[in-house]
Amino acid sequence: MKTTHLFRITLFFAFALLLPNTSAQDYNTWDLPDGATIRLGKGGITGNIAFSPDGTRLAVGSAIGIWIYDVRPGIEKELDLIAGHTRSILSIAYSPDAMTIASGSNDGTVNLWHVATGELQTTLEGHTDVIYSLAYSPDGKTLATGSRDNTARLWDTQTGKLKTTLTEHINGVDAVAFSPDGKTLATSGNDKTVRLWDTMTGQQKKTLRQPTDGFRTVVYSPDGKTIATGTWDGTVRLWSAYSGRHKTALRGHTASVYSVVYSSDGKMIATASADDTLRLWDAKTGKHITTFSGHTRSLSAITYSPNGETIASGGFTERRGILQLWDAKTGAHKTTLSEHVREVFAVAYSLDGKMIATGGRDGRLRLSNAHTWEHITTLTGHTSFIYAVAFSPIERTLATASRDKTVRLWDAQSGKRIATLKGHTGLVLSIAYAPDGTTLATASADATVRLWDPQTGKHITTFPKFRGSVRSIAYSPDAEVLAIGIFDGNNPAVWLWDVHTGKRITTLSGHTDAINSIAYSHDGTRIATGSDDKTVRLWDAKTETPLVTLSGHTGHVTSVAFSPDRNTLASSSNDGTILLWEIR
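Residues numbered from 1 in each chain as written. Predicted model: local features only at pLDDT ≥ 70, side-chain atom pairs only at ≥ 80, totals over all residues. Heavy atoms only, no water.

Visitor: Is there a simple way to think about the overall build of the protein chain in this case?
Guide: Along the backbone of the protein chain there are 0 helices and 52 strands. A compact globule built from 584 residues should have a C-alpha radius of gyration of about 25 Å, and the protein chain, at 26 Å, falls within 12% of that. Taken along the three principal axes of its C-alpha coordinates, the protein chain extends 75 × 50 × 45 Å. The buried share of the protein chain, taken over its 584 residues, is 60%. Pairs at least 24 residues apart make up 41% of the contacts formed inside the protein chain by residues separated by at least 6 positions. Per element, the accessible surface of the protein chain, about 23,300 Å² overall, is 47% carbon and sulfur. Here the protein chain contributes 59 positive and 55 negative side-chain charges, whose respective centroids are spaced 5 Å apart. (Helix = DSSP H or I, 4+ residues; strand = E, 2+ residues; numbered from the N terminus. Rg over C-alpha atoms; globule rule 2.2 N^0.38 Å. Buried < 20%, exposed > 50% of the residue type's maximum accessible area, 1.4 Å probe, protein only. Contact = heavy atoms within 4.5 Å. Areas by Shrake-Rupley, 256 points an atom, 1.4 Å probe, with all protein chains shown as cover. Lys, Arg positive; Asp, Glu negative; His and termini not counted. Charge placed at Lys NZ, Arg CZ, Asp CG, Glu CD.)

Visitor: I would appreciate a short explanation of the sheet that holds strand S22 (residues 257-262) in the present structure.
Guide: Whether parallel or antiparallel, the strands of a sheet pair through hydrogen bonds between backbone atoms. Pairing is antiparallel in the open sheet, where 4 strands are placed in the order S22-S23-S24-S25. At either end of the open sheet lies a strand with only one pairing partner, and these are S22 and strand S25 (288-292). Adjacent strand axes in the sheet meet at a mean angle of 20°, parallel and antiparallel pairs treated alike. Sheet analysis places strand S23 (residues 268-273) next to strand S24 (residues 278-282), joined by 5 bridges and oriented antiparallel. Bridge pairing in S24 places Ala 272 opposite Leu 278. (Pairing = 2+ DSSP bridges. Axes fitted to C-alpha atoms, helices over the stretch in contact; angles between N-to-C directions.)

Visitor: How should I be thinking about the layout of surface pockets in this particular structure?
Guide: A probe as big as a water molecule, rolled over the atoms, marks out the empty space that is left. As a volume, the second largest pocket reaches approximately 1,100 Å³. Taken together, 44 residues line the second largest pocket, and the ones lying closest to its centre are Ala 93, Leu 134, Ala 135, Val 219 and Val 261. Listing elements by their share of the lining of the second largest pocket, those giving two or more residues are strand S2 (45-51), strand S6 (89-94), strand S10 (131-136), strand S14 (173-178), strand S18 (215-220) and S22. Top contributing element to the lining of the second largest pocket by residue count: S2, with 6 residues. Looking at the lining of the second largest pocket, its residues break down into 28 nonpolar, 14 polar and 2 charged. (1 Å grid on protein atoms, 1.4 Å probe; cavity = no way out; pocket = protein on both sides within 12 Å on 5 of 7 lines; lining within 4 Å. Points joined across faces, edges and corners; volume = space filled by probe spheres on them. Nonpolar A, V, L, I, M, F, W, Y, C, P; charged D, E, K, R; others polar.)

Visitor: Help me understand the environment of Lys 247 in this model?
Guide: Considering the arrangement of structural elements, one finds Lys 247 in strand S21 (residues 246-250). Taking the C-alpha atoms as reference, Lys 247 lies 7.5 Å from Arg 237; in sequence the two are 10 residues apart. When sequence neighbours within four positions are dropped, the list of residues in contact with Lys 247 reads Thr 226, Leu 238, Trp 239 and Ser 240.

Visitor: Would you take a moment to explain the nonpolar core for this structure?
Guide: Proteins that are soluble and globular tend to have nonpolar side chains buried together. Counting residues in hydrophobic clusters, the biggest one holds 22 residues, and the most contacted among them are Leu 58 and Leu 278. Excluding residues that lie within four positions of it along the chain, Leu 58 makes contacts with Ile 49, Ala 50, Phe 51, Trp 67, Ile 68, Tyr 69, Val 71, Val 261, Ala 270, Leu 278 and Leu 280. (Core = buried A, V, L, I, M, F, W, Y, C linked by side-chain atoms within 4.5 Å.)

Visitor: What should I look at first to understand the pattern of salt bridges in this one?
Guide: Two side chains bearing opposite charge may form a pair once their charged atoms approach each other closely. Going through the model one piece at a time under the given rule, you end up with 9 salt bridges. Close ionic contact of Asp 565 with Lys 329 constitutes a salt bridge, the shortest N to O distance being 3.6 Å. In this pair, Asp 565 sits in the loop between strand S50 (557-562) and strand S51 (568-573) while Lys 329 sits in the loop between strand S28 (320-327) and strand S29 (333-337), placing the two residues 236 residues apart along the sequence. One continuous salt-bridge network, built from bridges that share partners, spans Arg 57, Asp 70 and Arg 72. (Salt bridge = Lys/Arg side-chain N within 4 Å of Asp/Glu carboxyl O.)

Visitor: Is there a simple way to explain the pairing of strand S31 (residues 355-360) in this structure?
Guide: Where a strand is regular, its side chains alternate between the two sheet faces. Of all the 6 residues making up S31, 6 are buried; the element is thus mostly covered by neighbouring parts of the structure. Residues Met 355, Ala 357 and Gly 359 of S31 are buried on one face, and the alternating residues Ile 356, Thr 358 and Gly 360, pointing to the opposite face, are buried as well. When strand S30 (residues 344-349) meets S31, the two strands line up antiparallel, connected through 5 bridges. Directly across from Val 347, in S31, lies its bridge partner Thr 358. Hairpin connection of S30 to S31: 5 residues between the antiparallel strands, including Gly 353 at a positive phi of 75°. Across 5 bridges, S31 lies against strand S32 (residues 365-369) in antiparallel orientation. Within S32, the position partnered with Thr 358 by the bridge is Arg 366. Between S31 and S32, which pair antiparallel and follow one another directly, the connecting turn spans 4 residues, one of which, Gly 363, has a positive phi of 75°.

Nothing here speaks to function; it is geometry throughout.
Encoded structure:
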């Protein structure tokens, strides 16, 4: 849909493999979707990693595309991003001539990309499920792919045609690797076996059985003398390819290892892990060289500071809940607070901007100083997840909504609990104070919205039961309308409800999946919605008509927020990124 309300710009950045002087600080503007101006975060590491044949570049599969790093000693940095798959990338591989990068995705396809331009060359289709692994033969003429459909396939890289399908695994094929002479293909799977195949005939030569849970990845060293494996416990192990004897273990990752790769000269090993870090190791000594961080598994909530200078995001990485603060103008990362032991679902600033409240999977409400980032206090009482947090606009109190079916009111100064609001029979998923602070609205999976007096904690009224779970609510700035996100599994929609008459005004339809977040612009002229359908939609609040659909996230959109100056809309996603959209 065309609209004058969205300032659309398309930013194109040439692929930077040949530009080693590219600034590492520019990555938040690389390969943006139409209409977006900045990306905060790199997304979670979702796939394997691959060295370029000359060993100077490292490609990393992520939730939003392929990240390219310069790994030359002393100048390690980000170089570029190639985006194109509609879902997370789980596997990548460089061709031996360094002209092509192959990527396999959750969408079941394999894409071949031109390295110098980042353009898509061709798509290989045939697997019926997720692509877990990829490997080029040493001569570059064959590409091996492993999939959750329990097969490995060999493809002709010149024609894109399927050569043969290997079908002996009884579970998903996690890893594929060619021997240095190209005569053997090793495949490992969830069936706890490693199978060796003749690449000419497609016949199985040998089966190695794992006595435990098996390995996530298998790779040969360039000289063929060593096999490196990545395990579920975060350890990388090196084995003799001839005797099978264990040689050494590389420890440092705190979660399972997705991928292990050797540099072309065999001197360096790179590893990628579910702890959202990349590590480089000396292949001979096993010594750790450096760690790349900045990837985030999931972002669940975002909010602007009252002065509009900072964006706070809550999420999950490296097995911990995190609060990240970003410069709202430049996209620069300010700091990360990781005191939560589990995922952060909710973030809110106090009205004066001096305090940040976060709540999440651990059921604890954490208050921090918004300027010094020091921890103030942790409030306990909820017996399950905290899904939403909101400060009162008229006093230093705040409300929390929980999976334990209650809403709690807290004194932000003393940390004492003021009241517990009971009545919902399902998870309480969203809360919103009226702009004058005299009413608190709560939304629940029990298909109801309730209004409460936050001064007394007394129940005021319950809206007539809706046709499905209510995941999100928001008051209009004039407190006349309550926007309610309904999800019944078939017809997700936003209902605009007259607060005074208790009647529905209209329905905003268009999303195809659950609506997780609703926000009014500060002047009340626009409504933004974020959905599991991976889109953000912008609506005219006065005419109650759609303005534009913003696409670019590769995961569910978890939260949306307008900047105080009304010029920018921020959206967060479980792809691990925030996108900033310029509007007018």
